[in-house]
Amino acid sequence: MKTVTQFPRKIVENPDVGIEMPDGCVLSARIWLPADAENDPVPAILEHLPYRKRDGTTARDSLTHPYFAGHGYASIRVDMRGNGDSEGLMEDEYTEQELEDAVAVIAWAASQPWCNGKVGMMGISWGGFNALQVAAKQPEALKAIITLCSTDDRYADDIHYKGGLLLNENLGWGSTMLSYSSRSPDPAIVGDSWKEMWLERLENEPFLPAVWLRHQRRDDYWKRGSVCEDFSKIKAATLAVGGWGDGYKNAVARLVEGIGGPTKGIIGPWIHKYPHFAVPKPAIGFLQEALRWWDFWLKGKETGVENDPAMRLYLMDSVPPRDWYEERPGRWIAEHQWPSPGIATRTFSLAAGGKLSEGPAKVVNAKIKSPQDCGMDGGEYCAIWLGPEMPGNQREDDAKSACFDLRLDASIDIVGAPVVRLTLFADRPAAMVVVRLCDVHPDASSTRITYGVFNLCHRDGHDTPKPINPTLPMTVAFKLDDIAYQVPAGHTLRVAVSSSYWPLVWPSPVPVTLNILTGSIDMPERQSGNGDEARFEEPEAARPWNTQTIRPSSNSRNVERDDKTGAVTLAIVDDFGETRDADHGLIHGGVARERWTIHPADPLSARGVTHWTAVHKRDGWSLRTETFSAMRSDATSFHLTGRIEAYEDDVLVYEKDFREEVPRDHI
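Residues numbered from 1 in each chain as written. Predicted model: local features only at pLDDT ≥ 70, side-chain atom pairs only at ≥ 80, totals over all residues. Heavy atoms only, no water.

Caption draft 1: The overall build of the protein, seen in detail. Assigned secondary structure in the protein consists of 11 helices and 34 strands. Against the 2.2 N^0.38 benchmark of 26 Å for 667 residues, the protein shows a C-alpha radius of gyration of 25 Å, consistent with a compact globule. In terms of overall dimensions, the protein has C-alpha extents of about 75 × 60 × 45 Å along its principal axes. Buried positions account for 63% of the 667 residues belonging to the protein. The contacts in the protein between residues at least 6 apart in sequence include a share of 74% that link residues at least 24 apart. Looking at the protein as shown, the accessible area adds up to about 23900 Å², and 48% of this sits on carbon and sulfur atoms. In the protein, the 72 positive side-chain charges and the 95 negative ones have mean positions that sit 4 Å from each other. (Helix = DSSP H or I, 4+ residues; strand = E, 2+ residues; numbered from the N terminus. Rg over C-alpha atoms; globule rule 2.2 N^0.38 Å. Buried < 20%, exposed > 50% of the residue type's maximum accessible area, 1.4 Å probe, protein only. Contact = heavy atoms within 4.5 Å. Areas by Shrake-Rupley, 256 points an atom, 1.4 Å probe, with all protein chains shown as cover. Lys, Arg positive; Asp, Glu negative; His and termini not counted. Charge placed at Lys NZ, Arg CZ, Asp CG, Glu CD.)

Caption draft 2: Spotlight on the nonpolar core. The biggest cluster of nonpolar side chains holds 199 residues, and the ones touching the most others in it are W294 and L456. Once you skip the residues sitting within four places of it in the chain, L456 turns out to touch L424, A426, A431, M432, V433, I468, M474, V476 and L514. Of all hydrophobic cores here, the second largest spans 7 residues; its members include V279, Y325, A383 and M390. (Core = buried A, V, L, I, M, F, W, Y, C linked by side-chain atoms within 4.5 Å.)

Caption draft 3: Spatial organisation of the pairing of strand β2 (residues 11–20). Of the strand pairs in this sheet, β2 and strand β3 (residues 26–34) are connected by 8 bridges, and their pairing is antiparallel. Paired with E20 across the two strands is V26, which belongs to β3. Between β2 and β3, which pair antiparallel in sequence order, lie 5 residues; one of them, G24, sits at a positive phi of approximately 95°. (Pairing = 2+ DSSP bridges.)

Caption draft 4: View of unusual backbone geometry. The peptide bond linking V279 to P280 adopts the cis configuration, its omega dihedral lying at -5°. Position of P280 among the secondary structure elements: in the loop between β11 (263–268) and α10 (286–299). Between W338 and the following residue, P339, the backbone shows a cis peptide bond with an omega angle of 0°. With respect to the element layout, P339 can be found in the loop between β13 (330–335) and β14 (343–351). For Q138, which is not a glycine, the phi torsion comes out positive at approximately 55°. The topology assignment puts Q138 in the loop between α3 (126–136) and β7 (142–148). The backbone of N365 sits at a positive phi, close to 50°, despite the residue not being glycine.

Caption draft 5: Structural detail: the pairing of β11. Within β11, 6 of the 6 residues are buried, which leaves it mostly tucked inside the rest of the structure. Because side chains alternate across β11, one face comprises the buried residues T263, G265 and I267, and the other comprises K264, I266 and G268, equally buried. Since strand β10 (residues 237–243) and β11 lie parallel, the crossover through helix α9 (residues 251–259) that links them has a hand, and here it is right-handed. (Right-handed = clockwise from strand over helix to strand, strands pointing away.)

Caption draft 6: Seen up close, the pattern of salt bridges. What the rule picks out here adds up to 53 salt bridges. Across the pair R526 and E533 runs a salt bridge, and its minimum N-O distance is 2.7 Å. Where E655 meets R643, a salt bridge forms, and the shortest distance between an N and an O atom there is 2.5 Å. Pair noted here: E655 is in strand β34 (residues 651–663) and R643 is in strand β33 (residues 637–648), with a separation of 12 residues, a long-range link. The exposure class of E655 is partly exposed, given its relative accessible area of 45%. If you follow the salt bridges from partner to partner, you end up with E96, E100, K137 and R224 in one network. (Salt bridge = Lys/Arg side-chain N within 4 Å of Asp/Glu carboxyl O.)

Caption draft 7: Geometry of the state of the cysteines. Within this structure, the stated rule accounts for 0 disulfides. Between C228, a free cysteine, and C149, which holds the nearest cysteine sulfur, the sulfur-to-sulfur gap is 18 Å. Looking at the unpaired C438, the closest cysteine sulfur is the one in C403, lying at 7.3 Å. Taking the relative accessible area as the measure of exposure, C438 reaches 0% and is therefore buried. (Disulfide = S-S within 2.5 Å.)

Caption draft 8: Examining α9 more closely. Looking only at α9, the buried set comprises A251, V252, A253, L255, V256 and I259. Tucked inside the fold, the buried residues of α9 contact α3, β7, β10, β11 and β12 (311–316).

Caption draft 9: Representation of the packing of aromatic side chains in the model. Under the criterion given, the structure shown has 33 aromatic pairs. Measuring from ring centre to ring centre gives 5.1 Å for Y155 and Y161, while their planes differ by 20°; the resulting arrangement is stacked. Ring centres 4.7 Å apart and planes at 90° place the aromatic pair F296 and W297 in the edge-to-face group. When the ring centre of Y180 is taken as reference, the NZ or CZ atom of R183 above it lies at 4.2 Å. Between K299 and the ring centre of Y73, over which it is positioned, the NZ or CZ distance is 4.1 Å. (Phe/Tyr/Trp six-rings, centres within 6.5 Å; stacked < 30°, edge-to-face > 60°. Lys NZ or Arg CZ within 6 Å of the ring centre and 35° of its normal.)

Caption draft 10: Broad picture of the packing of helix α2 (residues 96–110) against α3. Taken N-terminus to C-terminus, the directions of α2 and α3 make an angle of 75°; their axes are 10 Å apart at the nearest point. What the angle tells us is that α2 and α3 run roughly perpendicular. Contact residues: E98, L99, A102, V103 and I106 in α2; W126, N130, Q133 and V134 in α3. Of the residues assigned to the contact of α2 with α3, the class counts are 6 nonpolar, 2 polar and 1 charged. (Axes fitted to C-alpha atoms, helices over the stretch in contact; angles between N-to-C directions. Parallel < 35°, antiparallel > 145°, perpendicular 65-115°, else oblique. Nonpolar A, V, L, I, M, F, W, Y, C, P; charged D, E, K, R; others polar.)

Caption draft 11: Representation of the side chain of D397 in the model. Of note, D397 is situated in helix α11 (residues 395–399). Residues within four places of D397 in sequence aside, it is in contact with D373, C374, G375, M376, D377, G378, R436 and Y501.

Caption draft 12: Spatial organisation of the side chain of D439. Among the structural elements, D439 can be located in strand β20 (residues 432–440). One buried charged residue, D439, remains without a salt bridge, the closest side chain of opposite sign being R328 at 7.3 Å. Within polar-contact distance, the side chain of D439 engages the side chain of H491 at 2.8 Å. Residue contacts for D439: discarding those within four places in its chain leaves S318, S445, S446, T447, I449, Y485, V487, P488, H491 and T492. (Polar contact = N/O pair within 3.5 Å; in protein donor to acceptor, adjacent residues only side chain to side chain.)

Caption draft 13: The arrangement of α2 in detail. Compared with the 21 Å implied by 1.5 Å per residue over 15 residues, the 21 Å span of α2 between its first and last C-alpha is a close match. Among all positions of α2, only E98, L99, D101, A102, A104, V105, I106, W108 and A109 are buried. (Expected span 1.5 Å × (residues − 1).)

Caption draft 14: Molecular detail of the environment of P418. With respect to the element layout, P418 can be found in the loop between β18 (412–416) and β19 (419–426). Residue P418 is classed as buried on the basis of its relative accessible area, which comes to 0%. If we skip the residues at most four places from it in the chain, P418 touches L437, T450, F478, K479, L480, D481, I521, D522, M523 and P524.

Caption draft 15: Structural context of the environment of G128. Along the chain, G128 falls in helix α3. Counting along the chain gives 361 residues from G128 to A489, while the straight-line C-alpha distance between them is 39 Å. Setting aside its immediate chain neighbours within four residues, G128 contacts G123, T147, L148 and S150.

Worth remembering: the numbers are spatial, not functional.
Given below as structure tokens:
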């Protein structure tokens, strides 16, 4: 990535600007803008997050916000209420208070003497979510947004539930927020009130895994903030960006199709990162692409973005399975309409003897009773920490599944979301079905192309679950995740069906046998081509964050098998190291640990345990938080525990325990 040090306009930075909300709460903002903006006002760009601008997102903020400022924008990074250096308390994600605060910040920015009255909003993940949700509120000054790695559907396509099943990321990310939101503001910013603010946060800290778990069906809790409920509310021009290695890839196509106004989509090979420094490579000149968007919609410059293809997608080549890729070979393809008339449906059917064939569905009568540890090679739901988080060789998971194979005589370019249709029996009142589409190489290694999971109790809708009648067959249809992937001739296309997928989703209460009567998969196929159909500039950014490494970071992901008990554990350690800000001296660091344990024969043995350590210190000041979460279940309820320990100079100054029991609701 090229570092840019000279910009068209000189930059000034204000590391802490207080923005007062209508109720008197003051939010802390870091603002970069052209030095002459009051004489030559500029549009503003807002990023509104809970992830601590002082240390949590500083690395990416340093690359991005000064770059925009140098090109004639006021770039505003706000700590949400109750986080970082902002006052107040946070109750949940995407609350009305959070969104109204963002609307108030937009109005404040538009009224400043350095602003021309036009505002854009951008963000990845949380910031991408609230950019969509704020846009749906139609604040007058908001003209355009860029949303990355986000979703339009909070129930079906976030870290909580997938296909009506409970994602273990509900506990994992809830534990992440327990750590982030229980951290202190920086005394260098807020002064002597830091401890009072910190203790108030600790006392009011919500235990979000339990909050989210109390809504196991698609109820009004999830519908609020899901912009798919009414896409027409979004009037701002929308650029949606995603990555095939990310958990939020599916929303891009839905946004481009659903919003109807000026909307474009880009999906690369990346994990949950901004595309100018994302991996796997190739990264793109995202900041230049963003400037094209902002310049047209906020400044009225002719940049050609309105004529860009509706979707630009990275078609990945077949590669051997690995749990981490630095680079994915492939090419950029472009679709000027979405849905594309150039993508046809090709149907493959499950057949007896483990065969996959073209044509209408045939009687299969295949039974599968997967062990509970099927899925150990599935990788993370949302790869983010730059460790070995991608799905590895699927051979072991394939052996625990019913597999249907077809050796390809010609390559196939899969572009879009395959749709699976199954008629089957399940012998228990609660059950799931998991389908993986795999690329089996000539050496028999298996790469997961895409996958989907489905709660069979949700066959009539995610808002109306009901028990399964084991004596009656069910017919279900569901989508696998969107993908763009070429399977070459000579490889084998595999559909693998299982009745469990740990530790991605929580298991059914008892082991389940599925009897598949018939099945098919509708494959979205695009005609093969050659060369890139879309091009991007090489990535560039502003100067990196000026830091000193005190302890380097590291990541590990290991499967442990207990020979005595038979239990299987996925042990994850993400050590973020320790870093000192070379400008203001704040040291921050920490370690995240997760353990996901199950016995292959006993779904009620499932247990998830997390432990986060976070440290903040500078001369004469040292804080540490230790946060813990755990979840298990019996046949009727989930049982969750949590704990916060807060230390000042290694002396315990606050402790709090959580204990929650939540009934299982057809999961």
